[in-house]
Amino acid sequence: RGSNVAAIAGYLHRKDKREAGKEQSDPVFHTNMFGRNAQERTEELRFSADLNPKVKKTYVHYKVSFPPGENPELETKKGIVDDLLEARGQGQNCQFFAVEHYEKVDKHNVHHLHVLTSSVLLNGEWVDDSFERVRLKQVERDIELKRGLQYCPPKEKGDRNSDPIREWKLR
């Protein structure tokens, strides 16, 4: 969760994170927004945040990683995004966009999705984030089962890498 939508949208639209040969195409594969680039999508997300000025953390950023070697079809990826948003109470009544990032060979060719969504519904209601980290663990298991994905146990605390988005912002 955060409030600097421009920074996160800029990161998600980076060309060096796109699939080789597709650096010039739009990285967004699933959305309910009209914007065509990072700036337009940022403004749309700011518009929805303005519907409820009490909300300080105006966006939610989810990252969905696949185990090495797993790269589902596009329709499955869209279904994963829809399932995630629905389970978190956002669904289609909340502005969102999803991109896929491709890591380098040194990162074991791991594909992962990023979903950026407003924390304010289009009717101005705030999306409750109580116990979000705990609830997301069950959402992960449910989506793995529903979509026939490979089970991927959570990493132990000592095995987790630092947050690449935070590192990029610091640079």
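Residues numbered from 1 in each chain as written. Predicted model: local features only at pLDDT ≥ 70, side-chain atom pairs only at ≥ 80, totals over all residues. Heavy atoms only, no water.

Undergrad: Which residues make up the pairing of strand β4 (residues 111-118), and what are the values?
TA: For β4, the buried fraction is high: 8 of the 8 residues fall into the buried class. Taken together, the 7 bridges between strand β2 (residues 59-65) and β4 define a ladder with antiparallel strand orientation. Following the sheet pairing, Tyr-59 is matched in β4 by Ser-118. Judged from the 7 bridges that link them, strand β3 (residues 96-102) and β4 form a sheet pairing that is antiparallel. Residue pairing in the sheet places Glu-100 in a bridge with Leu-113 of β4. (Buried < 20%, exposed > 50% of the residue type's maximum accessible area, 1.4 Å probe, protein only. Helix = DSSP H or I, 4+ residues; strand = E, 2+ residues; numbered from the N terminus. Pairing = 2+ DSSP bridges.)

Undergrad: Mind laying out the sheet that holds β3, listing which residues take part and the relevant values?
TA: Across the sheet, which stays open at both edges, the 4 strands sit in the order β1-β3-β4-β2 with antiparallel pairing between neighbours. The strands lining the two open edges of the sheet, one partner per strand, are β1 (28-31) and β2. When the angles between neighbouring strand axes are averaged without regard to direction, this sheet yields 20°. This element, helix α3 (residues 74-87), spans β1, β2, β3 and β4 of the sheet and lies at about 45° to β1. (Axes fitted to C-alpha atoms, helices over the stretch in contact; angles between N-to-C directions. Contact = heavy atoms within 4.5 Å.)

Undergrad: Tell me about the packing of helix α1 (residues 5-12) against helix α2 (residues 38-50), and please be specific about residues and values.
TA: Two elements in contact, α1 and α2, have axes separated by 9 Å at closest approach and are oriented at 145°. Between α1 and α2 lies a crossing of right-handed hand. Between α1 and α2, the contacting residues are Val-5, Ala-6, Ala-9 and Gly-10 on the first element and Ala-38, Thr-42, Leu-45 and Arg-46 on the second. Each residue belonging to the contact of α1 with α2 can be placed in one class, and the counts come to 5 nonpolar, 2 polar and 1 charged. (Left-handed = near helix turned anticlockwise from the far one by under 90°. Nonpolar A, V, L, I, M, F, W, Y, C, P; charged D, E, K, R; others polar.)

Undergrad: Account for the packing of α3 against helix α4 (residues 132-147), naming residues and giving values.
TA: A packed helix pair is summarised by two numbers, namely the angle formed by the two axes and the spacing between the axes. Across the interface, α3 lies against α4 with an axial gap of 10 Å and an inter-helix angle of 145°. For the pair α3 and α4, the crossing hand works out as right-handed. Taken together, the residues of α4 that come into contact with α3 (itself represented by Thr-76, Gly-79, Ile-80, Asp-83, Leu-84 and Ala-87) are Leu-136, Val-139, Ile-143, Lys-146 and Arg-147. Taken together, the residues of the contact of α3 with α4 break down into 6 nonpolar, 2 polar and 3 charged.

Undergrad: Summarise the nonpolar core; cite the residues concerned and give the values.
TA: Where a protein is soluble and globular, its nonpolar side chains tend to be buried together. Counting 17 residues, the largest nonpolar core has Tyr-62, Val-81, Leu-84 and Val-115 as its most contacted members. Considering each element in turn, this core owes the most residues, 4 residues, to α3. Setting aside chain neighbours within four positions, we find Val-81 in contact with Phe-29, His-30, Phe-96, Ala-98, Leu-113 and Val-115. Core analysis: the second largest hydrophobic core is formed by 13 residues, Ala-9, Val-28, Leu-45 and Leu-116 among them. (Core = buried A, V, L, I, M, F, W, Y, C linked by side-chain atoms within 4.5 Å.)

Undergrad: Let's hear about the pattern of salt bridges: which residues, and what values?
TA: Inspection of the entire model under this criterion finds 11 salt bridges. The shortest N-O distance in the salt bridge between Asp-26 and Arg-41 comes to 2.7 Å. Remark: Arg-41 occurs in helix α2 and Asp-26 occurs in the loop between α1 and β1; sequence separation between them is 15 residues. When its relative accessible area of 39% is taken as the criterion, Asp-26 is described as partly exposed. Judged by relative accessible area, Arg-41 falls into the buried class, the value being 2%. Glu-144 is the partner of Arg-141 in a salt bridge, and the nearest nitrogen-oxygen pair spans 3.0 Å. Placement of the pair is Arg-141 and Glu-144 together in helix α4, with a separation of 3 residues, close to one helical turn. Of the two residues examined, Arg-141 and Glu-144, each falls in the buried class. In the salt-bridge network here, residues are joined through shared partners; they are Asp-83, Lys-146 and Arg-147. (Salt bridge = Lys/Arg side-chain N within 4 Å of Asp/Glu carboxyl O.)

By themselves, these are just geometric observations and shouldn't be taken as functional.
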